[in-house]
Amino acid sequence: FLVMCQGGGRGGTEKMAALSLSRPRTRRRLLASTLSLLALSVLCLSLLPVVAAGQPEAVSSETGAAEDVPEPAPAVAEPAPEPVKDAPAETKEGTDAPPAELPQSSEEAVDMTMVSGVIATVVIGLIGACYLFGGEKKRVFKGDAVFLLGECDSGKTALLFHLRDNVKGDAIPRTHTSMQYNETQVELRGDEAEGKIVRVIDFPGHARLRPVLFDILEDCAAVIFVIDSCTFANQAKNISSFMLDLLTSTPMLKHCTSMLVLCNKTDALPDDMAGVSPKIKIKQRLEKEIDTLRKTRAESLDDIGNTLRVELEIAGDVFKWTDAPVEVEFADSSTYLAETQAATSFLAKL
């Protein structure tokens, strides 16, 4: 119930995000909900004796019918007792016995059970409230980070190593798919912004980690979206969906003003694409895919009441990159050959 109240009202991806166990906030909500149900169960169990004490005992015979109770005989008036003269009280030693302890009444036992149950309920409820409203402090976003985003194996981390450590070719450390994002400081080189420090967040490309990404996108000032030019044809739909999520994300649009789409790995293009600029074909294909996906989502009931999405407004009937809420640039790139001037210039303008 708590998860639905605090995570409801979201459609599509955000509904899945509200239930994702990879989010610490959601885990606290689930634990608080469990403790709340436990407290309710304890309270109900503590009230059972009260309900049972208020029910009359059933009297049954062997035949299942109530036994006949004989009517009481008419009372006979007895003569009033004669007044007894005062007699000396017996003072013999050993004749006075201590008063016997009265057995605890059923009402007192029921009251004690109910009080214990209420105390246990309050304690468990307070623990649940601490888990729900306590825990991690809300992160304060500065809105000055550059996010490296894209699908898995697109070359995001290799680009980060090149920008930070000025390595290229085989000197770039081998990378593997990670489940956590990397945050580091990058000092730019070159005439455009010599010595400028930029905070960069390299986020993994796993789709199931997207809820975590959208939780921290408010910290985003700009996006470098890295695409593997060699495998783009097979990933065009997934990339388009990811981009549309970004372009309609309220947290991201709070501080983000620009996006660079980096068409990477131009050094590994197949022979049939040799000498062709990948950014032109990728830009055109993404426009068509995003427009189709935009229309599909507009007709879907999943986006009704979604407070974390904004509608992608366009000037005409078909989406163009000029309709994007942020400035979008496309550039070819090869991290292996250190052809990343577009990324350096993009960061220098921030």
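This text follows the structure it describes.
No experiment lies behind these values; they were computed from the predicted model shown.

Trainee: It is not clear to me how the environment of glycine 195 should be interpreted in this structure. Could you clarify?
Mentor: One can find glycine 195 in the loop between strand 2 (182-187) and strand 3 (197-202). Discounting residues that sit within four places of it in the chain, glycine 195 has contacts with Glu187 and Leu188.

Trainee: Would you mind going over helix 7 (residues 232-247) with me for this structure?
Mentor: Because the α-helix completes a turn every 3.6 residues, residues three or four places apart line up on one side. Counted at 1.5 Å a residue, the expected span for helix 7 with its 16 residues is 22 Å, but the 20 Å between its end C-alpha atoms falls short. Along its length, helix 7 reaches its greatest deviation from straightness, about 35°, at asparagine 238. Of the residues making up helix 7, those classed as buried are Phe232, Ala236, Ile239, Ser240, Phe242, Met243, Leu244, Asp245, Leu246 and Leu247.

Trainee: What should I look at first to understand the packing of aromatic side chains in this one?
Mentor: Two measures describe an aromatic ring pair: the distance that separates the ring centres and the angle between the ring planes. Within this structure, the stated rule accounts for 4 aromatic pairs. Between phenylalanine 225 and phenylalanine 242 the ring centres are 5.4 Å apart and the planes differ by 65°, which places this aromatic pair in the edge-to-face class. Of this pair, phenylalanine 225 sits in strand 4 (residues 220-228) while phenylalanine 242 sits in helix 7; the two residues are 17 residues apart in sequence, bridging distant segments of the chain. As far as burial versus exposure is concerned, phenylalanine 225 and phenylalanine 242 are alike and both buried. Aromatic pair tryptophan 321 and phenylalanine 330: ring centres 5.2 Å apart, planes at 65°, arrangement edge-to-face. The two residues tryptophan 321 and phenylalanine 330 agree in class, both being buried. One aromatic cluster in this structure is built from Phe319, Trp321 and Phe330. Above the ring of phenylalanine 242, the side-chain terminus of arginine 210 is found at 3.6 Å from the ring centroid.

Trainee: I tried to follow the packing of helix 7 against helix 9 (residues 278-299) on my own but got confused; where do I start?
Mentor: Taken N-terminus to C-terminus, the directions of helix 7 and helix 9 make an angle of 55°; their axes are 9 Å apart at the nearest point. Our classification of the angle between helix 7 and helix 9 gives oblique. For the crossing formed where helix 7 meets helix 9, the hand is right-handed. On helix 9, the residues that touch Phe232, Ala233, Ala236, Lys237, Ile239, Ser240, Ser241, Met243, Leu244 and Asp245 of helix 7 are Ile282, Arg285, Leu286, Glu289, Ile290, Leu293, Arg294 and Arg297. Per-class residue counts for the contact of helix 7 with helix 9 are 10 nonpolar, 2 polar and 6 charged.

Rules used throughout
- Residues numbered from 1 in each chain as written.
- Predicted model: local features only at pLDDT ≥ 70, side-chain atom pairs only at ≥ 80, totals over all residues.
- Heavy atoms only, no water.
- Helix = DSSP H or I, 4+ residues; strand = E, 2+ residues; numbered from the N terminus.
- Contact = heavy atoms within 4.5 Å.
- Expected span 1.5 Å × (residues − 1).
- Bend = angle between axes of the 7 residues up to and from the residue.
- Buried < 20%, exposed > 50% of the residue type's maximum accessible area, 1.4 Å probe, protein only.
- Phe/Tyr/Trp six-rings, centres within 6.5 Å; stacked < 30°, edge-to-face > 60°.
- Lys NZ or Arg CZ within 6 Å of the ring centre and 35° of its normal.
- Axes fitted to C-alpha atoms, helices over the stretch in contact; angles between N-to-C directions.
- Parallel < 35°, antiparallel > 145°, perpendicular 65-115°, else oblique.
- Left-handed = near helix turned anticlockwise from the far one by under 90°.
- Nonpolar A, V, L, I, M, F, W, Y, C, P; charged D, E, K, R; others polar.

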